[in-house]
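Structural features, examined
Single-letter residue listing:
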Amino acid sequence: MSENHSENTLDLSGLLCPLPVLRARKRLEAMAPGSVLKVIATDPMSAIDMPHFCNEQGHTLLEQAKDAGALIFRIRRK
């Protein structure tokens with residue numbers, strides 16, 4: 001599988017609610033429509049907040065997974 005060159009990564013490990021969603025929103029606003037943002041978060045509330053944020057803002061949550069205690073989200077900008 002080839003690497004998606006339009007994918008950006010945002011590591012928000014250690015930040016607590018609401019900072020992960022606020023930082024993800026700021027990064028997504030600066031990205032081109034259709035770009036993908038990979039968000040890494042350790043706040044357990046992100047599992048609820050990030051999907052809700054995507055739904056409210058019209059972004060597509062492509063993936064939500066756990067990896068070694070971190071939550072991984074892949075979000076396609078609207």
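See the structure printed just above.
In this report, we go over the structure that sits alongside the text. As the structure is a prediction and not an experimental result, all values here were calculated from the model.

Comments concerning the packing of helix α1 (residues 19–29) against helix α2 (residues 46–57)
As a packed pair, α1 and α2 sit with axes 10 Å apart at the nearest point and diverge in direction by 35°. Relative to α2, α1 is oriented so that their crossing is right-handed. Two secondary-structure elements touch here, α1 through Pro20, Val21, Ala24, Arg25 and Leu28 and α2 through Ser46, Asp49, Met50 and Phe53. Its residues assigned to classes, the contact of α1 with α2 shows 6 nonpolar, 1 polar and 2 charged.

Quick notes on the nonpolar core
If you look at the biggest cluster of nonpolar residues, it comprises 16 residues, and the most contacted ones within it are Leu28, Leu37, Val39, Met50, Phe53, Phe73 and Ile75. Among the elements of the structure, α1, β2 (36–41), α2 and β4 (70–76) are those that each provide at least two residues to this core. Every residue in contact with Phe53, bar those within four places of it in the chain, is listed here: Val21, Arg25, Leu28 and His59.

The rules behind these values
- Residues numbered from 1 in each chain as written.
- Predicted model: local features only at pLDDT ≥ 70, side-chain atom pairs only at ≥ 80, totals over all residues.
- Heavy atoms only, no water.
- Axes fitted to C-alpha atoms, helices over the stretch in contact; angles between N-to-C directions.
- Helix = DSSP H or I, 4+ residues; strand = E, 2+ residues; numbered from the N terminus.
- Left-handed = near helix turned anticlockwise from the far one by under 90°.
- Contact = heavy atoms within 4.5 Å.
- Nonpolar A, V, L, I, M, F, W, Y, C, P; charged D, E, K, R; others polar.
- Core = buried A, V, L, I, M, F, W, Y, C linked by side-chain atoms within 4.5 Å.
- Buried < 20%, exposed > 50% of the residue type's maximum accessible area, 1.4 Å probe, protein only.

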